[in-house]
Amino acid sequence: MKLALLLLLGSQAPVPQDASWTEREWTKARTHTPLPDPRPNPTNRLADNPHAAQLGQRLFFDARFSANGSVSCASCHVPDLGFADGKSLSMGLGRTTRHSPSLWNVAQQRWFFWDGRADSLWAQAVQPLENPKEMGFDRVSLARTLRGDATLRAEYEELFGALPDVSSWPERAAPGDEGSELAAAWKRMSAEEQRAASRVAANFGKALEAFERRLVRGDAPFDRFVAGDAKALSESARRGWKLFAGRGNCRSCHSGPAFTDGEFHNIGIPPLAGGKPEDPARYAGIDRVHLDPFNAQGEFSDAPGGEEALELVTLERTPQTFGEYRTPSLRNVALTAPYMHEGQLKSLADVVRFYSTLEGATQVGHHQEQVLQPLHLSSEEAADLVAFLESLTGTPARNALLAPPSSER
Ligand code: HEC
Ligand code: HEC
């Protein structure tokens, strides 16, 4: 209600005189700015707790939570690389199958990962922790490592209560691949021990979410221009907006203040390795989010009967979802080349060329998005669209988040 009122008031703001945009283009522009705070997440009661955010910041940069002590979240989400990693496919303990997304403004999203297989940031965080190609750690070692570090232990226990006594637990254990040593050790634990270990993993995620919710980068030249600073955008970027909002039809998916509809589409980007696309993407993601013990409905959620849990009930896997990927936010996109779910495209110029020609676009069954038509952009138009995308690079809300916090509490 309040937001709707603000938007209404916003749309009556005076239009700067010297702009070349039509009233309609202005009206559309105002639907993208300013960037609001992320919506609350009641499934994590500490989502906006500053102490949880501080613990999360420590965890994010700490490589001890990996099987060989060398990989942290920050290995693939590098602050200086837009919290992405600059590679096509990420490398942790092994090579992953997808491109690392930027974490700037990540809390604006509704579903996480390219296929949306996690429904909250805290549920998301457990996956890289235990993925053998990423950090290859496990929830039992996690509990043990937290207990073994005085600072982490104190901060954790203040927020979440006592860490479990791990003395009788196996060295390492997680419900991983059937037949693995980790899974066998997991089976030897009692249900109660398993639940206690999983709770530590959920809490690890909840602290990380509190940190990630603060990775806000708004106030881009585009925001300043629409707010009335006529000098904030170059002429080229202003022409680029007209294309973005008009003939380019980009807003049909890159909508709203984060320039994403939060939904999934198949735009036909060919696989990095060539050949036919075989990744089911959203089709598999929907199954996985339903089965995830850390989802909004599960026992570790702080609001298992809330709106987020209800959304899962109505989430359905349909054939159309095969090969669909989540629409990325375009805010700060200039910071995080390469692009797309496998980093297939090297630069923004390449992305714009793709939308201009649709050259190489693949078809998955007959479910390809009908929205996309080759735009046949001139080289000037393509440069304008890139200039517009570059005008979405904002200013970090808090610089203190770009490195581990100092150790005094
Ligand atoms: C080995 C590299 C690697 C490590 C380590 C890693 N990530 Fe990621 N991260 C990725 C990749 C690749 C994806 C996309 C995977 C996919 O969509 O299937 C991703 C996705 C994400 C997303 C989803 C973003 C979105 O827009 O949906 C978040 C949030 C995230 N990672 C946070 C973390 C946190 C927190 C940690 C540490 C616990 C971490 N990552 C560790 C590579 C990594
Ligand atoms: C039908 C929905 C749709 C339309 C229309 C659309 N996009 Fe996208 N866009 C997506 C999806 C989905 C992806 C990710 C695709 C993938 O990884 O396979 C994407 C990816 C991108 C990326 C890469 C972002 C990143 O971080 O990797 C950019 C840049 C982009 N689009 C810009 C545009 C522009 C400019 C237009 C208009 C010319 C446009 N998009 C039109 C859905 C759309």
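Nothing here was measured: the structure is a model prediction, and the numbers come from that model.

(A) Representation of the site of ligand 1. The local shell around ligand 1 holds 28 residues, among which C73, C76, H77, F113 and R326 are the closest. The contact in question runs from an oxygen atom of ligand 1 to an N or O atom on the side chain of R98, over 2.8 Å. In this structure, a nitrogen atom belonging to ligand 1 sits 3.1 Å away from a side-chain N or O atom of Q124. When residues of the shell around ligand 1 are assigned to their parent elements, the largest contribution, four residues, is made by helix α5 (residues 121–130). Its residues placed into classes, the shell around ligand 1 shows 15 nonpolar, eight polar and five charged.

(B) Structural view of the coordination of the iron atom of ligand 2. For the iron atom of ligand 2, every protein donor is listed as H254 (NE2) and Y355 (OH), and the spread of their distances is 1.9 to 2.1 Å. Given six donor atoms and angles of 88 to 179° at the metal, the environment of the iron atom of ligand 2 is assigned as octahedral. You can see H254 sitting in the loop between α11 (235–245) and β2 (264–265) and its partner Y355 sitting in helix α14 (residues 348–357), a full 101 residues away along the chain. By relative accessible area, which is 10% here, H254 ends up buried.

(C) Just the packing of aromatic side chains, in detail. Applying the stated criterion across every chain, the model contains 23 aromatic pairs. Between the aromatic rings of F60 and F211, the centroid separation amounts to 5.1 Å while the plane-to-plane angle is 55°, which identifies the pairing as tilted. In this pair, F60 sits in helix α3 (residues 50–60) while F211 sits in helix α9 (residues 191–212), placing the two residues 151 residues apart along the sequence. Among the residues examined, F211 registers a relative accessible area of 0% and is labelled buried. For K206, the ring lying beneath its charged end belongs to W122, and the centroid distance is 4.6 Å.

(D) Structural view of the site of ligand 2. Around ligand 2 sit 24 residues in total, of which C250, C253, H254, H341 and Y355 are the nearest. The biggest single contributor to the shell around ligand 2 is α14, with three residues. Here the shell around ligand 2 is composed, by residue class, of 16 nonpolar, seven polar and one charged.

(E) Representation of the nonpolar core. Among the nonpolar cores identified, the biggest contains 55 residues, and L55, L59, F60, F65, L142, L146 and F294 are the most heavily contacted of them. Only α3, α4 (73–76), α5, α6 (139–147), α7 (150–160), α8 (181–188) and α9 provide two or more residues apiece to this core. When residues in this core are grouped by element, the largest group, nine residues, is from α9. Residues within four places of L146 in sequence aside, it is in contact with L59, F65, L152, R153, Y156, L163 and V200. Counting 34 residues, the second-largest nonpolar core is a separate cluster that includes F244, C250, V333 and V386.

(F) Structural view of the packing of α3 against α7. Packing of α3 against α7 leaves a shortest axis separation of 10 Å and a crossing angle of 145°. The handedness of the crossing between α3 and α7 comes out as left-handed. Across the interface between the two elements, H51, A52, Q54, L55, R58 and L59 of α3 pack against T151, L152, E155, Y156, L159 and F160 of α7. Classifying every residue of the contact of α3 with α7 gives seven nonpolar, three polar and two charged.

Conventions used here
Residues numbered from 1 in each chain as written. Chains lettered and ligands numbered in written order. Predicted model: local features only at pLDDT ≥ 70, side-chain atom pairs only at ≥ 80, totals over all residues. Heavy atoms only, no water. Near = heavy atom within 4 Å. Polar contact = N/O pair within 3.5 Å; in protein donor to acceptor, adjacent residues only side chain to side chain. Helix = DSSP H or I, 4+ residues; strand = E, 2+ residues; numbered from the N terminus. Nonpolar A, V, L, I, M, F, W, Y, C, P; charged D, E, K, R; others polar. Donors = N, O, S within 2.8 Å, 3.2 Å for Na, K, Ca; no water. Tetrahedral: all angles 85-135°; square planar, octahedral: opposite > 155°, others 65-115°. Buried < 20%, exposed > 50% of the residue type's maximum accessible area, 1.4 Å probe, protein only. Phe/Tyr/Trp six-rings, centres within 6.5 Å; stacked < 30°, edge-to-face > 60°. Lys NZ or Arg CZ within 6 Å of the ring centre and 35° of its normal. Core = buried A, V, L, I, M, F, W, Y, C linked by side-chain atoms within 4.5 Å. Contact = heavy atoms within 4.5 Å. Axes fitted to C-alpha atoms, helices over the stretch in contact; angles between N-to-C directions. Left-handed = near helix turned anticlockwise from the far one by under 90°.

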